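# What the coordinates show
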Amino acid sequence: MTLEINLDGKKALVTGVTSGIGAGIAAKLAEAGCDVTGCGRRAADDNGATAFLDSVHAHDRKAYYFSNDVSKPDEPQRLVDQAVDAMGDLDIVISNAGRNIFKGAENCSQADWDECMSLDLASHWRLGQAAKNHLTGNVRQPGVIVVITSNHAWNTIPGCFPYNVAKAGLVGLVQSLAIEWGPGIRSIGIAPGFIDTAGGDTWFNSFPDPSAERARTESMHPVGRIGSIEEIGHLCAFLASDLCGFINGTTLAVDGGRSALMQDD
Ligand SMILES: NC(=O)c1ccc[n+]([C@@H]2O[C@H](COP(=O)([O-])OP(=O)(O)OC[C@H]3O[C@@H](n4cnc5c(N)ncnc54)[C@H](OP(=O)(O)O)[C@@H]3O)[C@@H](O)[C@H]2O)c1
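Residues numbered from 1 in each chain as written. Predicted model: local features only at pLDDT ≥ 70, side-chain atom pairs only at ≥ 80, totals over all residues. Heavy atoms only, no water.

The name given to the protein chain in an unreviewed UniProt entry is Putative 2,4-dienoyl-CoA reductase, with Novipirellula herctigrandis as the source organism. Per UniProt, the comment on the protein chain under Sequence similarities (unreviewed entry) is "Belongs to the short-chain dehydrogenases/reductases (SDR) family." (UniProt positions renumbered as here; feature names shortened; annotations may be inferred.)

This is the structure we're talking about:
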C-alpha cells in the first residue's frame with residue numbers, strides 16, 4: 001500500500017454541500033478522485049449548489065446535485081436512489097447536513113426537540129439505512145460511512161441543548177453501525193470543533209467587536225486558531241481511503257485541542 005490518498009473512481013454521496021464543511025468535504029473527495037453527489041435544501045440553481053458542482057468539475061470528476069431535506073423521513077432514501085441512478089454505484093457516504101439548534105434545556109420546546117432530533121440525529125441513521133445495501137463490500141473493500149458530529153458530543157456549554165444531545169447520539173450510532181454492519185461497511189464519526197464558516201462569521205459579527213471576539217476564540221484553542229473546511233475534507237478523504245481500513249466504530253475529535261482544556265481562565 002502506498003502512502004497516498006487514492007479514491008480514484010469511487011462514488012461518494014455528501015449531504016449539505018451548499019455551504020461550509022460539506023462544501024470542503026466534496027471538493028477534497030473530488031481532488032482524491034471521487035465522483036460526488038451532493039444535496040442541500042436549496043434549489044439546483046442556487047450559488048451554493050453551483051459552487052459545489054464547479055468544485056468537483058475542477059478536478060475532472062462527475063458531480064450531481066439534488067435538492068433534498070434529509071430531516072424528512074423519506075428523503076434520505078430518495079436521495080440515495082438519485083445518487084445511485086446518477087453515479088451507478090455508491091462507495092462512500094458522508095452524512096454531514098446538520099444545524100445548530102441551540103435552545104437551552106429550559107427553553108427547548110417539543111417542536112425544537114423534534115426538529116433537532118429529526119435533522120441532527122435521525123437523518124444520519126436513515127441515510128445509513130438507505131445506503132447500506134449499496135455500500136456493503138467485503139473485508140478488503142468495505143463501503144464507508146462517515147458521520148459528522150461535533151465536539152459537543154462529549155462536552156458542551158450552557159444553551160446548546162438539544163444539539164449536543166443529538167450529536168452525542170451520533171457517537172453511539174457510529175458504534176452500532178460499525179459492529180452490526182461490518183465487515184462490509186466501516187463507520188466512523190468526525191467531531192469538529194470551531195470551523196471557519198459563514199455561520200462562524202455570523203457568530204463573530206453578533207459581537208460589538210467581531211475581530212476581538214474572533215481573536216478571543218482563537219486564543220482558546222491550543223493550536224491558536226480555528227479549523228478550516230479543507231481540514232475536515234482532508235480527514236474525510238483519508239478516512240475513506242484504504243490507509244484507514246482499521247479505523248472503525250470510533251469518533252475522532254478535530255478541534256485543535258479545544259476540548260482537552262479543563263477551563264479557560
Ligand atoms: N462549523 C462548525 O464549527 C461545526 C462544528 C462542529 C460540527 N459541525 C457540524 O458540521 C456539519 C456542517 O455544518 P456547517 O457549519 O458546515 O453548516 P452550514 O455552513 O450551515 O452548512 C450546512 C449544510 O447542511 C445543509 N442542510 C441543513 N439542513 C439540511 C436539511 N434539512 N436537509 C439537507 N441539507 C441540509 C445546508 O444546505 P441548505 O442550506 O441548502 O439546506 C448546508 O449545505 C453539521 O452537521 C454541523 O453540526 C459544524
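There's plenty left to go through after this.
Okay, the nonpolar core next. I25, L29, V36, F52 and I94 are the most contacted members of the largest nonpolar core, which has 34 residues in total. Looking at this core, the element that brings in the most residues is helix α8 (residues 229-240), giving 7 residues. Apart from the residues lying within four places of it in its own chain, the contact partners of I94 are L13, V14, T15, I25, L29, V146, I148 and C236. Counting residues in hydrophobic clusters, the runner-up holds 24 residues, among them A130, A131, L173 and I185. (Core = buried A, V, L, I, M, F, W, Y, C linked by side-chain atoms within 4.5 Å. Buried < 20%, exposed > 50% of the residue type's maximum accessible area, 1.4 Å probe, protein only. Helix = DSSP H or I, 4+ residues; strand = E, 2+ residues; numbered from the N terminus. Contact = heavy atoms within 4.5 Å.)

This part covers unusual backbone geometry. F161 connects to P162 through a cis peptide bond whose omega is 5 degrees. In this structure, P162 sits in the loop between β5 (143-148) and α5 (163-181). At the junction of G182 and P183, the peptide bond is cis and its omega measures out at 0 degrees in the coordinates. Look at D60: it is not a glycine, yet its phi comes out positive at around 60 degrees. Locating D60 in the fold gives a position in the loop between α2 (47-57) and β3 (63-67).

We now examine the packing of helix α6 (residues 198-205) against helix α7 (residues 210-219). Two elements in contact, α6 and α7, have axes separated by 8 Å at closest approach and are oriented at 115 degrees. Across from D201, F204 and N205 in α6, the residues of α7 making contact are P210, E213, R214 and T217. In terms of residue class, the contact of α6 with α7 is built from 2 nonpolar, 2 polar and 3 charged. (Axes fitted to C-alpha atoms, helices over the stretch in contact; angles between N-to-C directions. Nonpolar A, V, L, I, M, F, W, Y, C, P; charged D, E, K, R; others polar.)

A word on the packing of aromatic side chains. Under the counting rule described, the total for this entry stands at 5 aromatic pairs. Judged by centre distance (5.3 Å) and plane angle (5 degrees), the ring pair of F194 and F204 falls under stacked. With F194 in the loop between β6 (185-192) and α6 and F204 in helix α6, the pair connects residues that are 10 residues apart, well separated along the chain. What makes F194 partly exposed here is its relative accessible area of 26%. You can call F204 buried: its relative accessible area is 2%. Ring centres of W203 and F207 lie 5.1 Å apart, and the angle between their planes is 80 degrees; this geometry places the pair in the edge-to-face category. Of the residues examined, W203 reaches a relative accessible area of 45% and is grouped as partly exposed. (Phe/Tyr/Trp six-rings, centres within 6.5 Å; stacked < 30°, edge-to-face > 60°.)

α8 packs onto helix α1 (residues 20-31) with a crossing angle of 50 degrees between their chain directions and a minimal axis gap of 7 Å. Taken together, the axes of α1 and α8 lie oblique to each other. Handedness of the crossing formed by α1 with α8: right-handed. Facing G20, I21, G24, I25, K28 and L29 of α1, the residues of α8 in contact are I229, E230, I232, G233, H234, C236 and A237. Of the residues assigned to the contact of α1 with α8, the class counts are 7 nonpolar, 4 polar and 2 charged. (Parallel < 35°, antiparallel > 145°, perpendicular 65-115°, else oblique. Left-handed = near helix turned anticlockwise from the far one by under 90°.)

To continue, consider the environment of A44. Tracing the backbone shows A44 in the loop between β2 (35-40) and α2. As a C-alpha pair, A44 and Y65 span 21 residues in sequence and 6.6 Å in three-dimensional space. In this structure, A44 is in contact with A49, T50 and Y65, ignoring residues within four places of it in sequence.

Most of β5 is tucked away: 6 of the 6 residues are buried. Judged by which residues are buried, β5 turns out to be covered on both faces: G143, I145 and V147 on one side and V144, V146 and I148 on the other are all buried. With respect to chirality, the unit in which strand β4 (residues 92-95) leads through helix α4 (residues 110-135) into the neighbouring parallel β5 is right-handed. As defined by bridge partners, β5 adjoins β6 across 6 bridges and the pair is classed as parallel. Among the inter-strand pairings, V144 is bridged to a residue of β6, identified as R186. (Right-handed = clockwise from strand over helix to strand, strands pointing away. Pairing = 2+ DSSP bridges.)

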